[in-house]
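# Notes for the structure review
These are the residues of each chain, in order.
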Amino acid sequence: MSRDNIIVANEEDFLEDPGKHREKWPNIREIVERKARKMCRVETVTKRLPVLQWMPKYRREFLFPDIVAGITVALTAIPQGIAYAVVAGLEPQHGLYSELIPSFVYFVLGSCKDITIGPTAIMALLVQPHALKNPDFAYLSAFLTGVIILAMAILHLGFLVQFISIPVTVGFCTAAALTIATAQVKSLLGLPGRGNEFIESWQSVFEHIGDIKLWDTLLGVSSIILLLLLRKTKDIPKYKTFFKFVSISRNAIIVIIGTLLAFLLEKFNGEVPFALTGSVASGFPPFTPPPFTTTIGNDTLNFQEMVAELGTSIISVPVISVLEIVAVAKAFSLGKNVDATQEMIALGFSNILASFVASIPLSGSFTRSALNNACGVCTTGGGILTGIIVLLAIGFLTTTFYYIPKASLASVIMVAMYFMIDFGALRDIWRTRRVDIIPFLVTVIACLVWGVDLGIVAGIASNLLFIIYDTARPRILFKWFKVDNDEILVVTPNQSLIFSSAEHFKNRLTKKVIAQSNPNLLVIIDGHFVQKIDTTAAQNMYSAVRSLTDLCRGMIFWNWSSQAQGAAWRLNRAFGALFRDATSLEELLRGVK
């Protein structure tokens, strides 16, 4: 068997069919026409307006569960909305405004019956640094978030959230929960100060530790204990339905108790010993576009300057909002496929329309969605009742909200944040692959030190470093065989070869062949696991062929994909001729005799 018999070979195939290995470009016109025809179908319209699917099938037995779910979610949404407005650094009524639009939008566009869209703790935290400078930034952020999410849906870019791994997600949620809970310690203890970042909040607490208010602390701690006890009432076997309702309404119960206590103390004692939420503006907000100019101090900022001020949150808020709603949808899908594009459409429209009523950015709420599910909601129609109750609260109950103690709201937020930390997921990460704890820790520490928007970027970057390293250092298996008087080296990379791994593969191969320096050595590179190669990989392998020609009998590329073979042929015909297909090593060797 001579080296010439191996290297010469299959150029006749190329000459007979020069188009065989030509790279095919997508037909843009055909793709656009196909998409346009698809959009005009009735099936597409009903798919993108899910209400048209379930409304004709609505049954009478669905009505009661939907009503119960709508009322229950509203009782939780109202105090949570007020609390999250406080977290965002806005007036309490803006939390209620944020609840106005999404229930009605999701009724029409939502594809998951359990999901409720509204303000969430994470969204409030992300927008807080900008809202403290001027509330206009919060409303503009909601609008831009909606536009970006809607654009992502149209372009089918929902897959981008897949680049945020579970360790990074868990780390982000953990850091967000710690940051939000820490910011509420001041209200729980009745302390002054406006620090809202993790380190800043604890500094403020220790600076004013001597100013702790006894009655605020007593009310706050008592509320936390009562919240935890009410959470357990669902496990009481007797009157199970009643206690289940008590358990899921615990946030509203705590706020109502605190409000009544403050009202009665003022009426009979003349003063209230707790810090109160204060006046909540009555009436409905005007339906006007979000502000595209604003002022900070004496400076007037135009739209471009406002966007520059929002900085990285322009990207982080929409991405995290999508991540939240997709995670919630998957949690309640019971194994069914989640239409991420449809959820993004509903979320995008909710944010855009809500920004017209002075809302903060919105996302899917896990707490309220869990309540929906626990109540046995049958359709997204339950959200209509939730929206109506919020409307009534804004119209008739805003004077009552004046008496809500800050300590009561702080207790509601802190308990919710404790249960937002997924200890089970952290345990699973540790058991599954311990090195994944590194991106988790990077995310947590970066979020606590630099802020949550930059923190999640740091977490994603740390995770990508692992991916980059894995692609740059593929495992390469070397196996030796002896056939007659010839030695055969079979080299098998375990993944596709691209620019990041090309030089590494070439160096490993070269060192192994040089170490042998056997003129009877036949090198077979098995591409069974290689789905594709790029220009850099092709040129590095061709360089290895040329540099090792005098050190061995030759090289054969065995069972490579059509993409890889095409790339080799287009680079150089002689190189492409080295690629062979065979069902077994024996068949391959017979073909080169």
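Quantities reported herein were computed from a predicted structural model and do not represent experimental measurements. (Residues numbered from 1 in each chain as written. Predicted model: local features only at pLDDT ≥ 70, side-chain atom pairs only at ≥ 80, totals over all residues. Heavy atoms only, no water.)

### Some remarks on the overall build of the chain
Across its full length, the chain holds 30 helices and nine strands. For the chain, whose C-alpha radius of gyration is 31 Å, the value lies well above the compact-globule estimate of 25 Å for 593 residues. Projecting the C-alpha coordinates of the chain onto the three principal axes gives extents of approximately 105 × 60 × 60 Å. When burial is assessed residue by residue, the chain has 50% of its 593 residues classed as buried. Roughly 29200 Å² of accessible area belongs to the chain as shown, and the carbon and sulfur atoms make up 62% of that amount. Measuring between centres, the 52 positive side-chain charges of the chain sit 6 Å from its 45 negative side-chain charges. (Helix = DSSP H or I, 4+ residues; strand = E, 2+ residues; numbered from the N terminus. Rg over C-alpha atoms; globule rule 2.2 N^0.38 Å. Buried < 20%, exposed > 50% of the residue type's maximum accessible area, 1.4 Å probe, protein only. Areas by Shrake-Rupley, 256 points an atom, 1.4 Å probe, with all protein chains shown as cover. Lys, Arg positive; Asp, Glu negative; His and termini not counted. Charge placed at Lys NZ, Arg CZ, Asp CG, Glu CD.)

### Quick look at the confidence of the model for the chain
On average, residues of the chain carry a pLDDT of 84, and 92% of them reach 70 or more. Per-element mean pLDDT across the chain ranges from 45 in helix 1 (residues 3-7) up to 94 in helix 10 (residues 136-154). Taken together, the stretch residues 1-9 has pLDDT below 50 and engages in 25 contacts with residues farther than four places along the chain or on a different chain. (pLDDT = per-residue confidence, 0-100. Contact = heavy atoms within 4.5 Å.)

### Description of the sheet that holds strand 9 (residues 579-580)
Here five strands make up an open sheet; going across it, the order is 5-6-7-8-9 and the pairing mixed. In the strand order of this sheet, the two ends are held by strand 5 (476-483) and strand 9, each with one partner. In this sheet, strand 8 (residues 554-558) lies alongside strand 7 (residues 521-526) in parallel orientation, the contact comprising five bridges. Bridge pairing in strand 8 links I524 to I556. Along the sheet, helix 26 (residues 499-516) makes contact with strand 5, strand 6 (486-493), strand 7 and strand 8, crossing strand 5 at roughly 30°. (Pairing = 2+ DSSP bridges. Axes fitted to C-alpha atoms, helices over the stretch in contact; angles between N-to-C directions.)

### Details of helix 25 (residues 452-472)
When the terminal C-alpha atoms of helix 25 are compared, their 30 Å separation across 21 residues agrees well with the 30 Å that a helix rising 1.5 Å per residue should span. Here helix 25 has its buried residues at V452, D453, G455, I456, A458, G459, S462, N463 and A472. (Expected span 1.5 Å × (residues − 1).)

### Describing the packing of helix 26 against helix 27 (residues 535-548)
The contact between helix 26 and helix 27 brings their axes to 8 Å, and the two run at 15°. As far as their axial angle goes, helix 27 and helix 26 are roughly parallel. In this structure, helix 26 crosses over helix 27, and the sense of that crossing is right-handed. Where helix 26 abuts helix 27, its residues F499, A502, E503, F505, K506, L509, T510, V513 and I514 lie against T536, A537, N540, M541, S543, A544 and L548. Partitioned by chemical class, the residues of the contact of helix 26 with helix 27 number 10 nonpolar, four polar and two charged. (Parallel < 35°, antiparallel > 145°, perpendicular 65-115°, else oblique. Left-handed = near helix turned anticlockwise from the far one by under 90°. Nonpolar A, V, L, I, M, F, W, Y, C, P; charged D, E, K, R; others polar.)

### Concerning the pattern of salt bridges
Under the criterion given, the structure shown has five salt bridges. As a salt-bridge pair, E61 and R59 come within 2.7 Å of each other at their nearest N and O atoms. The shortest N-O distance in the salt bridge between K133 and E309 comes to 2.3 Å. With K133 in the loop between helix 9 (121-131) and helix 10 and E309 in helix 17 (residues 303-310), this residue pair connects regions lying 176 residues apart in the sequence. Note on E309: relative accessible area 23%, which makes it partly exposed. (Salt bridge = Lys/Arg side-chain N within 4 Å of Asp/Glu carboxyl O.)

### Describing the pairing of strand 5
Remember that side chains alternate between the two faces of the sheet whenever the strand is regular. Of the pairings in the sheet, the one linking strand 5 to strand 6 comprises eight bridges and is antiparallel in character. Residue pairing in the sheet places K482 in a bridge with E487 of strand 6. Count of turn residues in the strand 5/strand 6 antiparallel hairpin: two residues, of which D484 carries a positive phi of about 55°.

### Some points on the environment of L157
One can find L157 in the loop between helix 10 and helix 11 (166-183). Classification of L157 by relative accessible area gives partly exposed; the value is 25%. Between the alpha carbons of L157 and L426 there is a distance of 28 Å; along the sequence they are 269 residues apart.

### Some thoughts on the nonpolar core
The biggest cluster of nonpolar side chains holds 103 residues, and the ones touching the most others in it are I115, F401 and M417. In terms of residues, this core owes the most to one element, helix 10, which gives 10 residues. What I115 contacts, discounting residues up to four positions off in sequence, is Y106, I325, V328, A329, E343, S369 and N372. Within the second largest apolar cluster, 31 residues are counted, among which are L489, V523, W560 and A564. (Core = buried A, V, L, I, M, F, W, Y, C linked by side-chain atoms within 4.5 Å.)

### Focus on the side chain of Q93
When you line up the elements, Q93 lands in helix 7 (residues 93-100). If we skip the residues at most four places from it in the chain, Q93 touches S279, V280 and A281.

### Points about the side chain of S359
Tracing the chain through its elements places S359 in the loop between helix 19 (340-354) and strand 4 (363-364). At 3.2 Å, the side chain of S359 forms a polar contact with the side chain of S98. Beyond its immediate chain neighbours, meaning those up to four positions away, S359 contacts S98, A138, Y139, A142 and A354. (Polar contact = N/O pair within 3.5 Å; in protein donor to acceptor, adjacent residues only side chain to side chain.)

### So, the pairing of strand 8
Among the five residues that make up strand 8, five are buried, leaving the element largely enclosed by the rest of the structure. Burial along strand 8 is two-sided: G554, I556 and W558 facing one way and M555 and F557 facing the other are all buried. Following the chain from strand 7 across helix 27 to the adjacent parallel strand 8, one finds a crossover that is right-handed. Where strand 8 and strand 9 come together, two bridges link them in parallel fashion. Residue pairing across strands places W558 opposite R580, the latter belonging to strand 9. (Right-handed = clockwise from strand over helix to strand, strands pointing away.)

### With respect to the packing of aromatic side chains
Tallying each qualifying case throughout the model produces 18 aromatic pairs. Both rings, one in Y402 and one in Y403, keep their centres 5.1 Å apart while their planes meet at 85°; by these two values the pair is edge-to-face. When its relative accessible area of 32% is taken as the criterion, Y402 is described as partly exposed. Three or more aromatic residues joined by ring pairs make a cluster, and in this case those are Y542, F557, W560, F575 and F579. Over the ring of F419 we find R231; its NZ or CZ atom is 3.6 Å from the centre of that ring. (Phe/Tyr/Trp six-rings, centres within 6.5 Å; stacked < 30°, edge-to-face > 60°. Lys NZ or Arg CZ within 6 Å of the ring centre and 35° of its normal.)

### Comments concerning the packing of helix 6 (residues 63-87) against helix 7
One way to put it is that helix 6 packs onto helix 7 with a least axis distance of 6 Å and a crossing angle of 125°. When the interaxial angle is binned, helix 6 and helix 7 end up oblique. In the packing of helix 6 onto helix 7, the handedness of the crossing is right-handed. Listed contacts from helix 7 to A77, I78, G81, I82 and A85 of helix 6 are H94, G95, L96 and E99. Broken down by class, the residue content of the contact of helix 6 with helix 7 amounts to five nonpolar, three polar and one charged.

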